[in-house]
Amino acid sequence: MKNSLIQKYNVPGPRYTSYPTVPYWDETDFSYEIWTETLKKSFTASNNSEGISLYIHLPFCESLCTFCGCNKRITKNHAVENPYIDAVLKEWTLYCKMLGAKPTIKEIHLGGGTPTFFSPKNLEDLINGIFSHANKAKDYEFSFEGHPNNTSHEHLQKLYDLGFRRVSFGVQDYSEKVQKAIHREQPFHNVAKVTFWAREIGYTSIGHDIIFGLPFQEIEDIIDTIEKTKSLQPDRLAFYSYAHVPWIKGNGQRGFNDEDIPKDDKKRMLYETGKKLLHENGYHEIGMDHFALKTDSLFEAFQNGKLHRNFMGYSSSKTKLMIGLGVSSISDSWFSFAQNVKNLEDYYQILEWNKLPLFRGHLLTDEDLIIRKHILNLMCQFETFWENNAGYFNEIPEVLIQLKEMEQDGLVIINDNTIQVTEKGKPYVRNICMAFDLRLKRKAPETELFSMTI
């Protein structure tokens, strides 16, 4: 049965970092004016209560990892650091002038690229520059992504002194053969060193990212990687499926052949093996593809029904307004999305004109907001509900017909006004969310857009 389910549900599908997903944004109803209007609306409603979130994209990497689909610029020239930080701070200044009041920042996440490509001093200048126009919320949470090969003790100490308490390290897999295939060669020693440093300095949440389904990856590799991970005891783990999307320009995913990638039953066995080992070692499943120890804030948020998911990933706190700074960053006012230009030179040029470097966006409809809530519920709590017209939409009967088949397969439980994902159904949560995705149903993709769901 398990094998037939994999074959049945292993289809291309979104990862739902947003709803609508980016390929289904309606850019015809979006404008610079609409973005600023919804931005101010959300800021006025939330700044003095929950605060706002900042995502800062730092795109530079010294070498290309061929599993990565992120926006990046490969260079060993560190002279690019200062001009980029100046540009990000200029973008932030434009936002602060537009908002008309000092923002209260609850969350900051530094992503990439490789944030630790930047020197500790330049990262300090970046954060100090942000707070020259902003205040910290009392319960702020700052995090960053660190590359084990180039994160120094000074990086960790400097960012800790600036208020960062969460760090995630990209491990992927410890097999030398796999690392060579994806051009991400880093010995266990490097990961252990930065993990111990972070714990010694005082970071309260240390995360590791592990990927299953990488080229040449075998069951023995997953077992070895999780055993080594166990010895380091990170507080939380992302254990997610490799997204093979070689058709996206510039993502570097052509460094190996398609036949080198585990598929279907073999790929699912990699996941099942890893998940079983994680459970045996005290890690609890938190949302889609994420695991945490009981002592981690992510587990507590899941238990209390406060887990949230946005373009930065899973979070233990929620803000309606998230501003993305830097090339290709996406912002979310809750009522609309806006994405910055993806080309670095265009980003610099538009900022020279004293304009926000936007190139597309989407104004969420009333229907979008309802569907978004259901998908967030499924992703964060493995259940969703509707009653007394709250959360109800006209296509609910059609969604239930589609979910009925999933119920027969043991993936969900359907009650009068609730849907619960079963333990068996958790690996298929993307498929369950797709049942609610009205935009995807109304217009099937004409080209390859999404990676496989399993």
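Scroll up to find the structure this text is about.
Structure report, in brief.

How each quantity is defined
Residues numbered from 1 in each chain as written. Predicted model: local features only at pLDDT ≥ 70, side-chain atom pairs only at ≥ 80, totals over all residues. Heavy atoms only, no water. Helix = DSSP H or I, 4+ residues; strand = E, 2+ residues; numbered from the N terminus. Buried < 20%, exposed > 50% of the residue type's maximum accessible area, 1.4 Å probe, protein only. Polar contact = N/O pair within 3.5 Å; in protein donor to acceptor, adjacent residues only side chain to side chain. Contact = heavy atoms within 4.5 Å. Arc of directions from axis to C-beta. Salt bridge = Lys/Arg side-chain N within 4 Å of Asp/Glu carboxyl O. Pairing = 2+ DSSP bridges. Right-handed = clockwise from strand over helix to strand, strands pointing away. Axes fitted to C-alpha atoms, helices over the stretch in contact; angles between N-to-C directions. Core = buried A, V, L, I, M, F, W, Y, C linked by side-chain atoms within 4.5 Å. Parallel < 35°, antiparallel > 145°, perpendicular 65-115°, else oblique. Left-handed = near helix turned anticlockwise from the far one by under 90°. Nonpolar A, V, L, I, M, F, W, Y, C, P; charged D, E, K, R; others polar. Expected span 1.5 Å × (residues − 1). Phe/Tyr/Trp six-rings, centres within 6.5 Å; stacked < 30°, edge-to-face > 60°.

1. Digging into the side chain of Glu285
Reasoning step 1: Here Glu285 is to be found in strand β9 (residues 284-285).
Reasoning step 2: With a relative accessible area of 7%, Glu285 lands in the buried category.
Reasoning step 3: Among the polar contacts made by the side chain of Glu285, one reaches the side chain of Tyr271 at a distance of 3.2 Å.
Reasoning step 4: There is a polar contact of 3.1 Å between the side chain of Glu285 and the side chain of Lys275.
Reasoning step 5: Discounting chain neighbours no more than four positions away, the residues touching Glu285 are Tyr271, Lys275, His279, His290, Phe291, Phe302, Glu423 and Lys426.

2. A closer look at helix α5 (residues 153-161)
Reasoning step 1: Three or more residues of α5 are buried, namely His155, Leu156 and Leu159. Burial along α5 is one-sided: seen end-on, the buried residues are contained in an arc of 95°.
Reasoning step 2: Against the buried residues of α5 lie β4 (104-112), α4 (120-131), β5 (135-146), β6 (164-172) and α7 (188-201).
Reasoning step 3: A positive backbone phi angle near 110° is found at Gly163, which sits one or two residues after α5.

3. Re the pattern of salt bridges
Oppositely charged side chains may form a pair once their charged atoms are brought near each other.
Reasoning step 1: Summed over all chains, the structure comprises 19 salt bridges.
Reasoning step 2: Measuring nitrogen to oxygen at the nearest pair gives 3.4 Å for the salt bridge that ties Glu141 to Arg166. Of the two residues, Glu141 is situated in strand β5 and Arg166 in strand β6; the sequence distance between them amounts to 25 residues. Comparing Glu141 with Arg166, the two get one shared label, buried.
Reasoning step 3: Note that Glu407 is salt-bridged to Lys404, the shortest N-O span being 2.9 Å. Here the residue Glu407 and the residue Lys404 both occupy positions in helix α13 (residues 396-408), the gap between them amounting to three residues, near one helical turn.
Reasoning step 4: The exposure class of Glu407 is partly exposed, given its relative accessible area of 22%.
Reasoning step 5: Relative accessible area serves as the criterion here: at 42%, Lys404 is assigned to the partly exposed category.
Reasoning step 6: Put simply, Lys275, Glu285, Glu423 and Lys426 are held in one network by salt bridges that share partners.

4. Regarding the pairing of β5
Reasoning step 1: Two strands pair when backbone bridges link them, and β4 and β5 are joined in this way by six bridges, in the parallel orientation. By the bridge assignment, Glu107 is partnered in β5 with Glu141.
Reasoning step 2: Traced from β4 through α4 to β5, the parallel crossover comes out right-handed.

5. Looking at the sheet that holds strand β18 (residues 412-414)
Reasoning step 1: Overall, antiparallel pairing links the three strands, which are arranged β17-β19-β18 in an open sheet. Each edge of the sheet is formed by a strand with only one pairing partner; in this case those strands are β17 (383-385) and β18. Averaged over neighbouring strand pairs, the angle between their axes works out to 10° when direction is ignored.
Reasoning step 2: In terms of strand pairing, β17 meets strand β19 (residues 418-421) through three bridges, oriented antiparallel. Across the sheet, residue Thr384 finds its bridge partner in β19, namely Ile419.

6. Here we look at the nonpolar core
Reasoning step 1: Trp92, Ile105, Leu110, Phe164, Tyr203 and Ile323 are the most contacted members of the largest nonpolar core, which totals 56 residues.
Reasoning step 2: Considering each element in turn, this core owes the most residues, 11 residues, to helix α3 (residues 81-99).
Reasoning step 3: For Phe164, the contacting residues outside a window of four places in its chain are Ile108, Leu110, Ile127, Phe142, Ser143, Phe144, Leu159 and Tyr203.
Reasoning step 4: One finds Tyr16, Tyr24, Phe393 and Ala435 within the second-largest nonpolar core, a separate group that totals 44 residues.

7. Focus: the packing of α3 against helix α11 (residues 344-352)
Reasoning step 1: Across the interface, α3 lies against α11 with an axial gap of 10 Å and an inter-helix angle of 45°. Overall, the two elements α3 and α11 adopt an arrangement that is oblique. Here α3 and α11 pass one another in a crossing that is left-handed. Along its contact with α3, which presents Pro83, Tyr84, Ala87, Val88, Lys90, Glu91 and Leu94, the element α11 presents Leu344, Tyr347, Tyr348, Leu351 and Glu352.
Reasoning step 2: Grouping the constituent residues of the contact of α3 with α11 by class yields nine nonpolar, no polar and three charged.

8. Some words on the side chain of His362
Reasoning step 1: Residue position: His362 is located in strand β16 (residues 358-363).
Reasoning step 2: Separated by 2.8 Å, the side chain of His362 and the backbone nitrogen of Asp26 make a polar contact.
Reasoning step 3: What His362 contacts, discounting residues up to four positions off in sequence, is Pro20, Tyr24, Trp25, Asp26, Phe30, Phe335, Ser336, Phe337, Asp368 and Arg439.

9. Re helix α8 (residues 219-232)
Reasoning step 1: Along its 14 residues, α8 runs 20 Å from first to last C-alpha, staying within 8% of the 20 Å computed at 1.5 Å per residue.
Reasoning step 2: Buried within α8 are the following residues: Asp221, Ile222, Thr225, Ile226, Thr229 and Leu232. An end-on view of α8 places all buried positions within 125° of arc, on one side of the element.
Reasoning step 3: Contact partners of the buried residues in α8: α6 (176-181), α7, β7 (205-212), β8 (236-241) and α9 (264-280).

10. Description of the packing of helix α2 (residues 32-46) against α3
Reasoning step 1: Contact pair α2 / α3: the axes reach a minimum separation of 10 Å and the direction vectors enclose 70°. Classed by the angle they form, the pair α2 and α3 counts as roughly perpendicular. Of the two elements, α2 crosses α3, and the hand of that crossing is right-handed. From α2, Tyr32, Trp35, Thr36, Leu39, Lys40 and Phe43 reach across to α3, where they touch Tyr95, Met98 and Leu99.
Reasoning step 2: Across the contact of α2 with α3, the residue classes tally to seven nonpolar, one polar and one charged.

11. Notes on the packing of aromatic side chains
Reasoning step 1: By the definition in use, this model includes 22 aromatic pairs.
Reasoning step 2: Here Tyr140 and Phe142 contribute two aromatic rings whose centre-to-centre distance is 4.5 Å and whose plane-to-plane angle is 35°, an arrangement assigned as tilted.
Reasoning step 3: Tyr140 gets classed as partly exposed once you look at its relative accessible area, which sits at 29%.
Reasoning step 4: Each ring, one from Phe144 and one from Tyr203, has its centre 6.3 Å from the other, and the planes form 65°; the classification is edge-to-face. Taken together, the residues span a long stretch of sequence, with Phe144 in strand β5 and Tyr203 in the loop between α7 and β7 at a distance of 59 residues.

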